[in-house]
Every structure is written in C-alpha cells, then in structure tokens.
Amino acid sequence: MRETFTKGMARNIYYGGGVFFFLVLIGLTVDTVVSLPKTDNSENLTEQVAAGKRLWERNDCIGCHTLLGEGAYFAPELGNVYTRFGESTEAIKGFIKSRPKNGIPNRRSMPQFNFTDEELEALAQFLKYSDGIKTARDWPPNIQG
Amino acid sequence: MKYESQGVAKLYFIAAIGLFVGQILFGVIMGVQYISGDFLFPEIPFNVARMVHTNLLIVWLLFGFMGSAYYLVPEESERELFSPFLAKLMFWVFLVAGALTILGYLLVPYATLAEITMNDLLPTMGREFLEQPTITKIGIVIVALSFLFNIGMTILTGRKTVITLVLLTGLAGLAVFFLFSFYNPDNLILDKYFWWFVVHLWVEGVWELIMASLLAYVLIKVTGVDREVIEKWLYIIIAMALISGLVGTGHHFFWIGTPDYWQWLGSIFSALEPIPFFMMTLFAFNVVNKRRRDHPNKAAVLWALGTAVMAFLGAGVWGFLHTLAPVNYYTHGTQITAAHGHMAFYGAYVMVVLTMISYSMPIMRGHKASNERAQVFEMWSFWLMTVSMVFITLFLTGAGILQVYLQRYSEAPLGFMVTQDKLAIFYIMREVAGLVFLAGLIVYILSFFVKGKEVEVI
Amino acid sequence: MEGGFFYRQKNLMRSTNKIPLQRASNAALASLLNLTLLPVLGFAYLIFTFKKTDPDGIDRYHTILGIKINIIAATVLLVVSGLMIFFGGFDSPWTWVYVISYFTIVHTVFIVFAIWALVRAWSGEKLRSSFTKT
C-alpha cells in the first residue's frame with residue numbers, strides 16, 4: 001500500500017474531500033437558514049430591538065459579556081438575563097443606569113454609558129428578544145448562565 | 001537569499017514582532033484586571049484591552065503570513081516578486097491602518113469611534129474579533145487583494161509547486177471568508193451563524209492550509225527530505241483539515257438557536273479535527289528523523305517541531321476536550337474556551353510564524369543561521385514562552401472546570417461573579433505564567449541582537 | 001495494520017530484512033493506537049505479536065517499548081487519576097480540576113512520545129541511535 005499510495009491520490013482526496021464537504025456545508029447552511037423562523041424569535045424582532053442590537057455593538061458589550069455563550073468571559077452571560085432579572089426590562093435598565101462612573105474599588109464593574117431612556121429601552125428590548133430565542137436543550141443549563 | 005525581492009519580508013516580520021509585544025502587554029494588563037477588577041478603570045476598560053489584545057494578534061499574524069508568503073513565494077516560484085513596490089506600499093498602508101485602529105480603540109470611547117468612522121452607514125463593528133471600524137475592514141480587503149494579486153502573479157507566472165498552490169488557496173480563502181464580516185443582519189442567530197464563516201473557517205479552515213504549507217516549506221529547507229514525500233504529507237494533512245473542519249463548523253452551532261442536528265454533525269466532525277494536527281506532528285517528527293543533513297539553524301528546527309506538537313496539543317487535544325455537544329453544553333462560554341483559544345493560537349499560528357521568521361531572518365541578514373549564542377537565546381525564548389503557555393492553559397483549564405462545576409453543573413448553581421471570586425487563585429497563577437511569557441518574548445527579541453561567532457556567510 | 005504508511009523503502013539504512021521492520025512499525029502503531037483509539041486492543045496485539053519477534057531484532061525492541069510505554073501510561077494515568085478521585089471524593093469540584101487537567105496533559109505527553117517511537121520504528125531505528133547522519 002505504501003508504494004501504491006501516491007501523491008496524486010493524496011491530492012485527489014484533498015480536492016475531492018474539500019469540495020464535497022464545502023458543498024455539504026452550503027447545503028446544511030441553506031437548510032438551517034430556512035428552518036430558523038422556528039427558533040429565532042423573529043416575530044419579536046422589531047425596529048426597537050434592531051436599534052438595541054446596534055447599541056449593543058456600538059458599545060462593544062461582547063468585549064466583556066457572552067451572549068448565548070459567545071463573547072468574552074469577563075462578565076455574566078446575557079442570553080438569559082431577562083429571565084434572571086425576573087422578566088423585567090425595568091430591572092435591566094435600572095442595573096445599567098446605576099453603574100458608578102469610576103467603578104468599584106477592586107471589583108469588576110460595568111462602565112457608565114450615560115444612555116438616554118430611549119436607548120435603555122431599546123437595549124433592554126434587545127436582551128428580551130435574545131432571551132426569547134429557542135436554543136437547543138434550552139441552553140444555558142441554568143438561570144445563572 | 002536567492003532573490004532580492006524576498007527581502008521585503010523583513011519589514012513585515014519586524015512589524016509582526018513589534019505588534020506581538022503590544023499584544024502581550026495588553027494580555028498582561030487583562031490578566032491583572034482578572035485579579036483586580038478596577039485596574040486601569042475607567043481609562044482602559046476590559047473590553048478595550050481585550051479588543052487590542054485580540055486585534056493585535058490577528059494583525060500581527062496577518063503580517064507574519066504576508067511576510068512568510070513574500071519570502072517563500074519568489075524562492076519556490078524561481079522568480080522575483082511580481083511587484084516589490086506594491087508589497088512595500090501595502091506594508092505601510094496596513095501598518096498605518098492597523099496603528100490608527102488600535103489608537104482609536106485606546107484614545108476614544110468605542111461608541112465615539114463608531115460615530116467618527118460612520119459605522120451607521122454599514123454597521124459591522126462591535127462583534128467579537130471583528131471590532132475594526134468598517135473603513136478599516138475595507139482597508140483590510142484592499143490590502144489583502146493587492147497582496148493576493150502580487151503573490152498570485154508571482155506564483156502563476158513562475159514555477160508552480162504544491163507548497164505555493166496550497167498557500168495561495170489558503171490566502172485566497174482568507175480573503176474570501178473575510179467578506180462575511182460585512183454581513184451583519186439584525187437577526188441575532190443569522191449574525192452569529194455567518195460570523196463563524198469568518199472566524200471558524202479562518203482558524204479551523206484556511207489558516208490550517210497556510211500553516212501546513214509554511215511548515216512544509218521550512219521542513220524541506222532544514223531537513224533536505226525529498227519534496228515528493230513532503231508534498232504527499234502536505235496534501236493528506238490539509239485534506240483532513242478540510243474534511244473535518246468544514247462541517248466541523250457545526251460545533252459552534254449547538255446552542256445558538258440553530259437546528260438540533262448540528263449537535264450530531266458538529267460533534268462527529270469536530271471530533272475528527274485533531275487528526276490533521278496529529279498528522280502534522282507525525283509528519284514533522286518523521287521528516288526531521290529522516291533528515292538528509294543537519295541544518296546549522298537548530299532554532300528553526302526546534303520551532304518547526306514545536307509548532308507541530310503545540311498545535312496538536314492546543315488545537316487538537318484542548319479542542320477535543322470540550323467539542324462534544326454533551327460536554328459543550330456545560331463548558332460553552334467558560335474559561336475552558338479561553339484555555340483552548342490561548343494554546344491553539346499560540347501553538348498553531350504564533351509558532352508557525354515564528355518558525356518562518358526563525359528560518360528566514362538570518363538568511364535575510366546574510367547568514368545561513370544565527371550565531372550559536374543568538375540561537376541559544378532563541379531556544380531559551382522558545383522554552384520560556386512555550387512552557388508558560390502550557391501553564392496559562394492549565395490554569396485557565398482549572399479555572400474553567402471549577403467554574404463549570406460551581407456555576408453550571410452543581411445542584412445549587414452559584415452566580416457568575418460569586419463563581420469568579422472563587423477562581424481567583426487560578427487567575428493569579430495565570431498572570432504569573434503570563435509574566436514569564438513576557439520575559440520569554442523579551443529574550444526572543446534580544447536574540448536578534450546577540451553577537452557571537454557567525455556561522456557561514458552566504 | 002499498515003505501519004509504514006509513508007515509509008520509503010529506499011531510505012532504509014538499518015535492517016535489510018523487510019519483515020522485522022514491518023513488525024516494528026506495526027508494534028509502534030499498535031502502541032500508539034492503544035493510547036488513543038483502541039485501548040486494550042492495541043495492547044493485546046502487542047502481547048500477541050511479542051512471540052513472533054526476533055529476540056535481537058528491531059521488532060522485539062519496539063514491541064517491548066510499546067508494552068512498556070503502555071504499562072507506564074496505564075499506571076500513571078489510570079492509577080494516579082483513580083487515587084485522585086479516591087482521596088479527593090467524587091463530589092468535590094477540586095477533584096475534577098486536578099483529574100481532568102492532569103489526565104489531559106499527561107496523556108498527550110505519552111501520545112507525543114509514542115508518535116516519536118513510531119517514526120523511529122518506521123526508519124528501523126531504536127529511540128537513541130548510535131550513528132549520526134551526514
């Protein structure tokens with residue numbers, strides 16, 4: 001076998017395997033995108049939620065937090081924060097608003113972003129929408145995220 | 001140096017090492033923030049330090065890949081670079097764009113940076129690793145395309161080898177998949193899904209092609225083993241990388257609202273992802289064992305063997321550790337991920353670039369290899385950085401296991417911040433290991449300036 | 001079992017006989033497999049093949065090496081991990097901090113060592129060779 005396994009065969013496995021599995025990935029991607037409406041909570045994806053997502057991005061929240069487990073691991077998971085905060089957007093807004101400007105001695109603290117009320121509402125609605133996404137096995141495992 | 005234009009690589013490598021230093025300094029800052037949460041707050045909040053840390057990594061690795069390509073391609077293609085001028089021009093464009101972006105992160109609040117750079121016209125900012133302002137992203141595309149044009153023209157009009165063709169495929173893939181960074185839909189799942197088309201298909205896809213071809217090139221040079229043998233290995237390694245890695249993207253689609261079948265597909269295919277890295281170790285050991293000559297550049301051989309082993313350890317073993325869906329259910333988004341990320345990036349991509357630098361830099365400076373003393377310094381830096389990275393990984397793994405147990409697995413799960421307080425000892429030890437890494441990096445830089453009896457001049 | 005997958009016959013320096021070399025390669029591969037995909041089965045192969053090997057040959061050397069590596073690995077990995085669990089307690093998070101980190105890193109060290117043994121077997125050499133290459 002060692003003499004018969006040629007470079008040409010190795011090359012064919014590379015091209016054949018690469019192209020084949022790339023096509024498989026595309027096929028699965030199409031299927032995934034088509035079936036997303038079942039889980040993606042898009043019925044609640046309002047203009048306000050979209051504005052909240054922009055705020056989320058513009059302040060690089062992902063640089064400390066995780067959202068559905070992706071992001072940085074410095075601050076709590078926010079994919080279920082709406083549930084954790086007793087399904088209250090007011091509690092979320094209150095928390096964000098109350099962050100001290102100069103932090104807390106020796107502790108990690110979220111910066112004070114000085115959001116307007118409208119912005120706070122959009123951000124809270126975005127987090128509520130994220131919480132409404134149906135993840136497999138209802139991830140995260142428990143309310144602590 | 002066989003071709004004069006290979007020399008442009010030197011610029012790229014110097015910039016890469018400079019940015020590497022910046023990356024590690026910010027890593028050390030974040031390490032302190034993990035211990036004492038208000039360190040440098042509110043001047044440099046954690047998210048800013050992290051952005052600088054990860055973006056510098058990406059930028060310097062790209063400098064490293066480009067430098068490696070500029071060095072390797074003329075020699076393989078047996079002709080001068082298509083346009084050395086374009087290579088130099090793009091170097092400065094990329095360096096200035098990169099520096100301005102990093103300064104932007106540090107000098108103004110991120111939201112202000114988004115406003116100045118008119119993010120609202122085409123919002124792409126604020127997603128992990130893709131934090132660069134849209135205008136920087138456009139700059140990256142321009143630089144990448146010019147680079148591909150330059151390298152492509154050199155390869156296609158010269159001698160074509162398996163190494164250059166694989167490298168070109170990898171680099172083209174890098175440029176193409178980066179285009180997904182411009183797609184940022186409001187639908188969070190779609191956003192996340194296609195975000196992985198940049199991140200996963202880079203580091204667990206096309207970058208593996210780049211890594212394997214760079215490693216194959218250096219191994220041909222330092223061992224003198226028959227090109228036919230090495231090319232066969234190269235093909236089979238990258239074949240396994242794509243066969244496992246493409247559908248292996250599914251291990252990111254377990255818990256983000258995507259269909260359940262990804263738990264099976266992602267688990268099965270990503271369980272195969274260690275195979276290409278395993279084969280890289282087998283390959284590197286095999287050709288070094290069968291070497292036809294003892295190359296005077298022992299440091300380069302050490303880096304080459306080191307990158308194969310550490311990539312297997314970091315990307316292969318530590319990836320497998322948490323890739324199966326039932327395990328990942330508990331470990332997703334914990335310090336386990338951070339542990340894997342650190343060792344995988346270091347082992348696979350940092351070390352392969354340092355391998356290329358180690359091999360080519362002495363040649364560009366007029367010697368076949370650095371003098372003995374300089375090589376001793378370099379090998380010390382290898383061990384300091386590599387061993388400290390193993391410890392960083394082990395401490396983060398320990399932190400991650402404890403975190404998973406207390407916060408996720410336990411009957412009475414603790415809150416995130418309560419858990420974090422209990423991980424303090426690991427974060428302290430990680431920071432110590434991080435400082436040793438920094439010391440190793442300083443020794444590495446010193447190795448370029450150490451004088452001694454020079455080996456043969458070329 | 002295909003040990004010398006990429007082995008090039010013309011590079012053969014040591015044993016002129018093909019069969020011991022093939023057996024040495026297979027033994028080293030069995031040792032590596034026992035550490036990874038086929039625990040117990042790989043070891044059974046090593047024990048089974050032992051009798052067929054030439055007492056002074058490279059095949060005997062790599063069979064014994066494989067048996068040794070795997071006995072040491074089993075001891076160091078399973079026994080030590082078992083003790084950690086025994087003394088640490090099944091329900092303590094710290095037990096799992098130590099066991100998982102320890103098992104992963106030490107296991108990998110054995111695998112990397114076995115990979116090196118395999119490439120040495122492919123070239124018909126012992127771990128340490130007395131001659132140097134030119």
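Because the structure is a prediction, the values reported are computed rather than measured. (Residues numbered from 1 in each chain as written. Chains lettered and ligands numbered in written order. Predicted model: local features only at pLDDT ≥ 70, side-chain atom pairs only at ≥ 80, totals over all residues. Heavy atoms only, no water.)

Moving on to the interface of chain A and chain B. The interface of chain A with chain B comprises 70 residues on the first partner and 85 residues on the second. With both sides pooled, the region where chain A packs onto chain B buries about 6,800 Å², and carbon together with sulfur makes up 63% of that total. The largest share of the area that chain A buries against chain B comes from K7, Y14 and Y73 of chain A, three residues that together contribute 12% of it. Put simply, chain A and chain B have six salt bridges between them. Our count for the contact surface shared by chain A and chain B stands at 37 residue pairs in polar contact (both at pLDDT 80 or more). Elements with a minimum of two residues in the side of chain A that touches chain B: helix 1 (7–35), helix 2 (47–58), strand 1 (66–67), strand 2 (70–71) and helix 5 (117–131) of chain A. When residues in the side of chain A that touches chain B are grouped by element, the largest group, 17 residues, is from helix 1 of chain A. (Contact = heavy atoms within 4.5 Å. Buried area = accessible area lost by both parts, 1.4 Å probe. Salt bridge = Lys/Arg side-chain N within 4 Å of Asp/Glu carboxyl O. Polar contact = N/O pair within 3.5 Å; in protein donor to acceptor, adjacent residues only side chain to side chain. Helix = DSSP H or I, 4+ residues; strand = E, 2+ residues; numbered from the N terminus.)

The next subject is the pattern of salt bridges. Scanning the entire structure with this criterion turns up 20 salt bridges over all chains. Between R107 of chain A and D421 of chain B there is a salt bridge, and its shortest N-O distance comes to 3.2 Å. With R107 of chain A in the loop between helix 4 (89–97) and helix 5 and D421 of chain B in helix 15 (residues 416–422), the pair connects residues from two separate chains. Taken together, the salt bridges that share partners define one network made up of K53, R54 and E57 of chain A together with R127, D186 and D191 of chain B.

Looking now at helix 2 of chain A. Along an α-helix, residues three or four positions apart point the same way, because every turn accommodates 3.6 residues. All names here are of chain A. Compared with the 16 Å implied by 1.5 Å per residue over twelve residues, the 16 Å span of helix 2 between its first and last C-alpha is a close match. Where helix 2 is concerned, the buried positions are V49, A50, G52, K53, R54, L55, W56 and E57. Following helix 2 by one or two positions, D60 adopts a phi angle in the positive range, close to 50°. (Expected span 1.5 Å × (residues − 1). Buried < 20%, exposed > 50% of the residue type's maximum accessible area, 1.4 Å probe, protein only.)

So, on to the packing of helix 1 (residues 8–35) of chain B against helix 3 (residues 84–107) of chain B. Residue and element names in this part refer to chain B. Running from amino to carboxyl end, helix 1 crosses helix 3 at an angle of 15°, the nearest separation of the two axes being 10 Å. When the axis of helix 1 is compared with that of helix 3, the two are roughly parallel. The handedness of the crossing between helix 1 and helix 3 comes out as left-handed. Between helix 1 and helix 3, the residues in contact are V8, L11, Y12, A15 and F26 and P84, A87, K88, M90, F91, W92, L95 and L106, respectively. For the contact of helix 1 with helix 3, the class distribution of residues is twelve nonpolar, no polar and one charged. (Axes fitted to C-alpha atoms, helices over the stretch in contact; angles between N-to-C directions. Parallel < 35°, antiparallel > 145°, perpendicular 65-115°, else oblique. Left-handed = near helix turned anticlockwise from the far one by under 90°. Nonpolar A, V, L, I, M, F, W, Y, C, P; charged D, E, K, R; others polar.)

The subject of this paragraph is the environment of W262 of chain B. Assignment of secondary structure puts W262 of chain B in helix 9 (residues 261–271). The exposure class assigned to W262 of chain B is buried, which follows from its relative accessible area of 0%. Expressed as a C-alpha distance, the spacing of W262 of chain B and T249 of chain B, which sit 13 residues apart in the sequence, is 9.1 Å. Apart from the residues lying within four places of it in its own chain, the contact partners of W262 of chain B are L25, L28 and T32 of chain A together with Y193, V247, G250, F253, F254 and S267 of chain B.

Attention now goes to the domain arrangement of chain A. Annotation of chain A at the domain level lists domain 1 (1–38) and domain 2 (41–138). When each unit is reduced to the centre of its C-alpha atoms, the spacing between domain 1 of chain A and domain 2 of chain A is 39 Å. (Domains from an automatic or database assignment.)

Right, let's get into helix 5 of chain A. Over its 15 residues, helix 5 of chain A runs 21 Å from end to end, which matches the ideal 21 Å to within 8%, given 1.5 Å per residue. Buried within helix 5 of chain A are the following residues: L120, A122, L123, A124, Q125, F126, L127, Y129, S130 and D131 of chain A. Looking at the packing, one finds that the buried side of helix 5 of chain A touches helix 2, strand 1, helix 3 (81–84) and helix 4 of chain A together with helix 7 (188–223) of chain B.

Let us look at a nonpolar patch on the surface. A cluster of nonpolar side chains, V19, F22, L23, I26, V30 and V34 of chain A, forms an exposed patch at the surface whose accessible area comes to about 540 Å². Taking the relative accessible area as the measure of exposure, L23 of chain A reaches 53% and is therefore exposed. (Patch = residues over 30% accessible without salt bridge, like charges linked within 9 Å, V, L, I, M, F, W, Y side chains within 5 Å. Areas by Shrake-Rupley, 256 points an atom, 1.4 Å probe, with all protein chains shown as cover.)

Moving on, we get to the environment of L302 of chain B. All names here are of chain B. Checked against the element boundaries, L302 lands in helix 11 (residues 298–321). Among the residues examined, L302 registers a relative accessible area of 18% and is labelled buried. C-alpha separation for the pair L302 and F147, spaced 155 residues apart in sequence, amounts to 30 Å. Discounting residues that sit within four places of it in the chain, L302 has contacts with M379, F382 and W383.

Reports of interface size often rely on the accessible area that becomes lost once the parts have come together. The partner chain B presents 32 residues to the 29 residues of chain C that form the contact. Buried area between chain C and chain B, both sides added, is near 2,800 Å², and the carbon and sulfur share of it is 76%. Taken together, the links from chain C to chain B amount to four residue pairs in polar contact (both at pLDDT 80 or more). The element that contributes the greatest number of residues to the side of chain C that touches chain B is helix 4 (residues 93–122) of chain C, accounting for 17 residues. Residue classes in the side of chain C that touches chain B are distributed as 16 nonpolar, seven polar and six charged.

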